[in-house]
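Chains, contacts and geometry: an overview
Now for the letters of each chain:
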Amino acid sequence: MKKICFVKYDMQVPGGGERVCANLANALSDKCEVHVVSICSESDESFYHLDEVVNYRVLMHGSCRIREIFLKGVRLLKEYIKENDIDMVFAVGVSVNPFVMFAVKGTACKAISCEHGTCLGEFENDLSQRICRRIGAHFADMVLTVTPTDAEAYIEKYNLNPERVTSIYNWIDDSLLSEQSSYNPSSKIILSASRIVPVKGIENMIEVSKRLKEEFPDWQWRIYGDGDAEYVKTLQNEIDKNDL
């Protein structure tokens, strides 16, 4: 049985990447020996449910900054990979690329970089993320993106062999589909749910809503989520300024 390990920076965070990580771990646990590792977390529990057969480990406890714990994190992850004879590691999200790519050096373990953002244009404006993304692109055995468009962008931007890059869409949990209510085709409400942080580009929704209001003034756009307080304040000011 193959031994696989999903690595996330902190599985206590209620984000999309963490949800995908947990869902994948649970879904594959009847086919592989599955491990999930948090580099650093204040809790020993994952925010999203992990089945009992999934092995979960937090390498370091507390609130950690990457540059302060990088070397220790690499050492602990390498030890975990060796102790558990891991065959393949999935770096879920570009922020853990450096930890995974350095940890697998000198082992037979394969490394997969799983991109859950995008390397396209204005959404790649954070220097640390660009560095982490480039490390994954050049040192991972395989790069996974969420969309074919991003896969093509990786190949072109980092001059990668197309055979090293592929895309797999995020799926919808069957339990969510079974709980959905019937659709009202006459509804004039647009609903968005997301972490309210800059990388999600909520300001773009506001720009679109300005145009929508001109042609369809009776429509509403409702955005739900938690996130960065300052960013939320900036968005609310823009909404109020434009009477949206």
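Residues numbered from 1 in each chain as written. Predicted model: local features only at pLDDT ≥ 70, side-chain atom pairs only at ≥ 80, totals over all residues. Heavy atoms only, no water.

1. Describing the overall build of the chain
Counting its secondary structure elements, the chain contains eight helices and nine strands. With respect to the principal axes defined by its C-alpha atoms, the chain has extents near 60 × 40 × 40 Å. Taking all 244 residues of the chain together, the buried fraction comes to 39%. The long-range share in the chain, meaning contacts at least 24 apart out of those at least 6 apart in sequence, stands at 62%. Total accessible area computed for the chain in this model is approximately 14,700 Å², and 52% of it derives from carbon and sulfur atoms. One way to put it: in the chain the 28 positive side-chain charges average out to a point 6 Å from where the 37 negative ones average out. (Helix = DSSP H or I, 4+ residues; strand = E, 2+ residues; numbered from the N terminus. Buried < 20%, exposed > 50% of the residue type's maximum accessible area, 1.4 Å probe, protein only. Contact = heavy atoms within 4.5 Å. Areas by Shrake-Rupley, 256 points an atom, 1.4 Å probe, with all protein chains shown as cover. Lys, Arg positive; Asp, Glu negative; His and termini not counted. Charge placed at Lys NZ, Arg CZ, Asp CG, Glu CD.)

2. Observations regarding helix α2 (residues 66-83)
Under the 1.5 Å per step criterion, the end-to-end length of α2 is 24 Å for 18 residues, consistent within 8% with the ideal 26 Å. Maximum bend of α2: about 35°, positioned at K72. Here α2 has its buried residues at I69, G73, V74, L76, L77, K78, Y80 and I81. On the buried face of α2, the contacting elements are β1 (3-8), β2 (33-41), β3 (55-61), β4 (88-92) and α3 (97-103). (Expected span 1.5 Å × (residues − 1). Bend = angle between axes of the 7 residues up to and from the residue.)

3. Here we look at the packing of aromatic side chains
Two numbers describe a pair of aromatic rings. These are the distance of the centres and the angle of the planes. For the coordinates displayed, the defined rule picks out seven aromatic pairs. Judged by centre distance (4.9 Å) and plane angle (25°), the ring pair of F6 and F90 falls under stacked. Within this pair, whereas F6 is found in strand β1, its partner F90 is found in strand β4, the two being separated by 84 residues in sequence. Here the aromatic rings of Y154 and Y158 are separated by 5.3 Å at their centres, their planes lie at 50°, and the arrangement is tilted. Of the aromatic side chains, those joined through ring pairs into one cluster are Y9, F70, F99 and F102. (Phe/Tyr/Trp six-rings, centres within 6.5 Å; stacked < 30°, edge-to-face > 60°.)

4. Focus on the pattern of salt bridges
Within the structure shown, the criterion is met by nine salt bridges. The salt bridge involving D243 is made with K213; its shortest N-O contact spans 3.7 Å. Of the two residues, D243 sits in the segment after α8 (229-241) while K213 sits in helix α7 (residues 202-215), which places them 30 residues apart along the sequence. Among the residues examined, K213 registers a relative accessible area of 34% and is labelled partly exposed. Linking K241 and E238 is a salt bridge whose minimum nitrogen-to-oxygen distance equals 3.4 Å. With K241 and E238 both in helix α8 and three residues apart, this pair spans about one turn of that helix. Exposure remark for E238: the relative accessible area of 23% places this residue in the partly exposed category. The network of salt bridges with shared partners includes E207, K210, E238 and K241. (Salt bridge = Lys/Arg side-chain N within 4 Å of Asp/Glu carboxyl O.)

5. So, the sheet that holds β3
Sheet architecture is open: seven strands sit in the order β3-β2-β1-β4-β5-β6-β7, paired in parallel fashion. At either end of the open sheet lies a strand with only one pairing partner, and these are β3 and β7 (165-167). Each adjacent strand pair in this sheet contributes to an overall mean axis angle of 20°, direction not counted. Looking at chain direction, strand β5 (residues 110-114) and strand β6 (residues 142-145) are connected through three bridges and run parallel. Bridging from a neighbouring strand, I112 pairs with M142 of β6. (Pairing = 2+ DSSP bridges. Axes fitted to C-alpha atoms, helices over the stretch in contact; angles between N-to-C directions.)

6. Here we look at the pairing of β5
Burial runs high along β5: four of the five residues are buried. Sheet topology note: the β4/β5 ladder contains five bridges and is parallel. Of the residues in β5, the one forming a bridge with V89 is A111. Assessed by its sense of winding, the connection that carries the chain from β4 through α3 to β5 is right-handed. (Right-handed = clockwise from strand over helix to strand, strands pointing away.)

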